[in-house]
Structures are given as C-alpha cells and as structure tokens.
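Topology and contacts: notes
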Amino acid sequence: MVYLREILKYNRTKLIQYKNIELAAYLFIQQFDELLNHTFELTPDEEIALHGYKKENVEVSKIISIISKPATKGISAVSNVYKLSGLYLSAKNELSQQLKEKYDQSDLKQKYFLTKIEPSLKTQLENEVKALHNQPLAVIIKSIYDISGVNETELNAALQSVAIGTDMDVQLQILLEDIESTLLNIRYIDKSADEMVRDILNNFSNAIQKIIKNRRKDHPNFEIKDEYDVQDILYVILKSVFPNLRDEDAIAKVGAKTTKIDLIIREEKILVEVKMIKDKDSNETNSIEQLKVDFESYHECKWLRKLFCFVYDPYKKTRDISNFNDLNHDRVKGEHKFNVEVIVAN
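Residues numbered from 1 in each chain as written. Predicted model: local features only at pLDDT ≥ 70, side-chain atom pairs only at ≥ 80, totals over all residues. Heavy atoms only, no water.

What to know about the packing of aromatic side chains
The geometry of two aromatic rings is summed up by the distance between their centres and the angle between their planes. Defined as follows: Any two of the Phe, Tyr and Trp rings considered here, Trp counted by its six-membered ring, make a pair once their centres fall within 6.5 Å; the pair's planes then place it as stacked at under 30 degrees, edge-to-face at over 60, or tilted in between. Per the convention used, a helix needs a DSSP run of H or I reaching at least four residues, while a strand needs a run of E reaching at least two, with both numbered from the N terminus. A 1.4 Å probe rolled over the protein chains alone gives each residue an accessible area, and that area as a share of the maximum for its type sets the label: buried under 20%, exposed over 50%, partly exposed in between.
Going through the model one piece at a time under the given rule, you end up with six aromatic pairs. Between Tyr-82 and Phe-113 the ring centres are 5.3 Å apart and the planes differ by 70°, which places this aromatic pair in the edge-to-face class. Placement of Tyr-82 in helix α6 (residues 81-90) and of Phe-113 in helix α8 (residues 108-117) is noted, with a sequence separation of 31 residues between them. Given a relative accessible area of 9%, Tyr-82 falls into the buried group. Note on Phe-113: relative accessible area 1%, which makes it buried. On the basis of an interplanar angle of 75° and a centroid distance of 5.4 Å, the ring pair of Phe-204 and Tyr-312 is categorised as edge-to-face. One end of the pair, Phe-204, is in helix α14 (residues 204-207); the other, Tyr-312, is in strand β4 (residues 306-312), and 108 residues separate them in sequence.

A word on the nonpolar core
Stated precisely, the cut-off is as follows: As used in this record, nonpolar core signifies buried Ala, Val, Leu, Ile, Met, Phe, Trp, Tyr and Cys residues forming a set joined through side-chain atoms within 4.5 Å. Here, two residues are considered to be in contact whenever any of their heavy atoms come within 4.5 Å of each other.
Grouped together as the largest cluster of nonpolar side chains are 60 residues, with contacts concentrated most on Tyr-53, Phe-113, Ile-140 and Leu-176. For this core, the element with the highest residue contribution is helix α2 (residues 21-30), accounting for eight residues. Discounting chain neighbours no more than four positions away, the residues touching Phe-113 are Ala-25, Ile-29, Tyr-53, Val-81, Tyr-82, Ser-85, Gln-171 and Ile-174. Among the nonpolar cores identified, the runner-up in size contains 25 residues, and Phe-204, Ile-224, Leu-234 and Phe-308 belong to it.

Remarks on the confidence of the model for the chain
As a reminder, the rule being used: What pLDDT reports is the predictor's confidence in each residue, on a scale of 0 through 100.
The predicted model of the chain averages 88 in pLDDT, with 92% of residues at 70 or higher. For residues 252-257, every residue scores under 50 in pLDDT, and the model assigns this stretch seven contacts once sequence neighbours within four places are set aside.

Comments concerning the packing of α6 against helix α7 (residues 92-104)
Keep this limit in mind: For helices, the axis comes from a line fit to the C-alpha atoms of the stretch in contact; other axes are also lines fit to C-alpha atoms, and the angle between any two N-to-C directions lies between 0 and 180 degrees. Each angle receives one of four descriptions, namely roughly parallel if under 35 degrees, roughly antiparallel if over 145, roughly perpendicular if within 65 to 115, and oblique otherwise. Crossing chirality is assigned from the near helix's rotation relative to the far helix, an anticlockwise turn below a right angle marking it left-handed and a clockwise turn marking it right-handed.
At a closest axis distance of 8 Å, the pairing of α6 and α7 adopts a crossing angle of 150°. Relative to α7, the element α6 lies roughly antiparallel. Of the two possible hands of crossing, α6 and α7 adopt the one that is left-handed. Contact with α6, carried on its side by Val-81, Leu-84, Ser-85, Leu-87, Tyr-88, Leu-89 and Ser-90, involves Lys-92, Leu-95, Ser-96, Gln-98, Leu-99 and Lys-102 of α7 and no other residues of that element.

Some words on the pairing of strand β6 (residues 336-345)
Definition in use: Pairing between strands is defined by DSSP: at least two bridges between them are needed.
β6 sits mainly inside the fold: seven of its ten residues count as buried. Examined bridge by bridge, β4 and β6 share seven bridges and lie parallel to one another. Each bridged residue has a counterpart across the sheet, and for Leu-307 the counterpart in β6 is Val-340. Pairing of strand β5 (residues 330-333) with β6 involves four bridges; the strand directions are antiparallel. Pairing of Lys-333 across the sheet is with His-336, part of β6. The turn linking β5 back onto β6 is made up of two residues, and Gly-334 within it adopts a positive phi angle of 65°.

Some thoughts on the pattern of salt bridges
We apply this condition: By definition, a salt bridge exists where a carboxyl oxygen of Asp or Glu is found within 4 Å of a side-chain nitrogen of Lys or Arg.
In total, this model carries 15 salt bridges according to the counting rule given. The partner of Lys-275 in a salt bridge is Glu-273, with the nearest N and O atoms 3.3 Å apart. With its nearest N and O atoms 4.0 Å apart, the salt bridge here joins Glu-289 to Lys-292. Of this pair, Glu-289 and Lys-292 both sit in helix α17 (residues 285-297), separated by three residues, roughly a single helical turn. Note on Glu-289: relative accessible area 43%, which makes it partly exposed. Judged by relative accessible area, Lys-292 falls into the partly exposed class, the value being 39%. If you follow the salt bridges from partner to partner, you end up with Arg-198, Lys-306 and Glu-341 in one network.

Structure follows, in structure tokens:
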C-alpha cells in the first residue's frame, strides 16, 4: 500500500494550504493538537463553528441564532456539513436532530465523516454497510470496522477505484487515512522481530524530527550529542515494542578489550549496537574499525543470532555507504555463527 501512503501525503499537503472550515474539521478528527496551532480565514458563522472544533465553550443562544436563520436560495446553516458539525460539537443536545437528519441525507463517505463527529452513529453505519456489496466505499468501511467478509483482493480493488487519480476532499482523506492506519496495524502484527527492529532503525531519523526541531512552543529541542543519546532514544522506542529489552550488558573480554552490548532482545536472540559519527570525524573509517573489533567480542554471546549495527550520521560524514554494506554478512567463529546487518541513518 505504498502508493496509498504517497497519495495521502500529497493530498494532506494540499489540504493544509487552505485555511477553511474543512481543514478545521479534518484536524479536529485526525490531529487535534495541530488544530490549535492553525489560523483560519472563516465567515462569522464559521468562526462560531470553529469554537466547537477547538472544544471551546460557546453561548448556545449564538448557535441557535445561526441555525434559525432562514435559508437563502435553498442554502441554510445546516447545508454545509462542516459548519453544522462544528456547531453541533458546542450544542449537542440542541442540534442532535439536525445532525441525525444530515446523516440520513448523506452518502457513505459523508456518513463515515459524521461518525467521527458523533461516534454513536457508528453502529448505524456498521449495519448499513453490512447489507451493501460490491460498493468500494462500503468495502473500505467494512475493513476499517473489521466486519468479516472482505478479502484482500476485494479491498485492493476498492482502494484502486476510490484513490487512484482522485482529487480527494476532506471526507475521503479521513476515510483513506483510517484504512491506511488499519492496514499498518495488521501488517505490524504479522512482522517478525527482525522486521520490526529493521523498520524502527530505518525510521529513526524521521521519528526524531519531532523532538530535535519541532517541539511545542517554550519547550527546548532535544540535543543528540553522542551515541549514548541515540541509544537512549532507541531504548524508549524499542522498549515499547519489546518489553523485555535490556540495555548495556558487559560481555567477556576479548584480548584487552571489554565490550558493552548496547541493546539486548534476548528472547529474539537480537543485539543492537549503536554508533554515532560525530562532527569532528572526517569520515566513516573510525566507526567501521570499531565495529570490526566489536564483532569478535560478540562471539562470546553464544545465543546471539542477529546483530543490528545502527550508525547515526547526522553530519553526513559517510563518504561511501558501501563501506558499511560490506560488513553485512554472517560472522562465523568455531561453531558459533551470527548475522550482521548495518543500518546507517542521517
């Protein structure tokens, strides 16, 4: 589903450019914290609806006044589902009937959107899609709700029909982001321990952006000064997936050198060695030599099956990545063998 992820990423970038009430609804549902940091260009009535999306109190009389306005050329305050939803969030008791009527008049895509505004509608939508067959949106919603009867071929066909070449609106963006999240959760459950560790290491640079340069206002960014900082961050990430993870365990000396294992997943027979190429380093040579020495020490871990070597290179000092790739193979000493995989990130 890589294509779906790229489509969603591209379309989200487009959605964020518009400072309208649709964006407020999208952020309320998918990323509420980001909503609070945005400014919008709205009509006076939409400004009132925005308070609902921000979970701020509004005088109910103001909302009733908006809803009570006579329709102009057939367009009323409830015609725009995004405005109605924001108003509803501030006056649920008063507007419950209007929201229910809007739901009944909606197509599947908009009905799904309204279940994100009022979760109690989800049961009704579940019952509706169970009775629908061969409708792409119904297939996708069934998959999100984990309703039996949808196979992978049917889901892929539905996604192709809905997403490919589509200029998506907010409602479809939300629906497809939810199915993408569902598919990711299923995929992760089916992954091996090696795949999980590999994905975490490959995504490290992307994941840490939030804490090294995109923290909240008045919160200092984290500084990564050496490999111990890298190791601590990786410990937190890996520990959430592998509860029995341990860190820094000394192994027997090889010659005059004692090596400490950085991160240990004993049950999976995995070790993670962490290196960082610092600003003062001219290239990757020193890190490679350290790894070669460490490899000999790891033969003392007779249970070891897989060694991941994670090299963090934030200053892009690596001249030739193949120098690291050449280390990727089985290491054999006597009757003991383990596999080495080096992952470099910057």
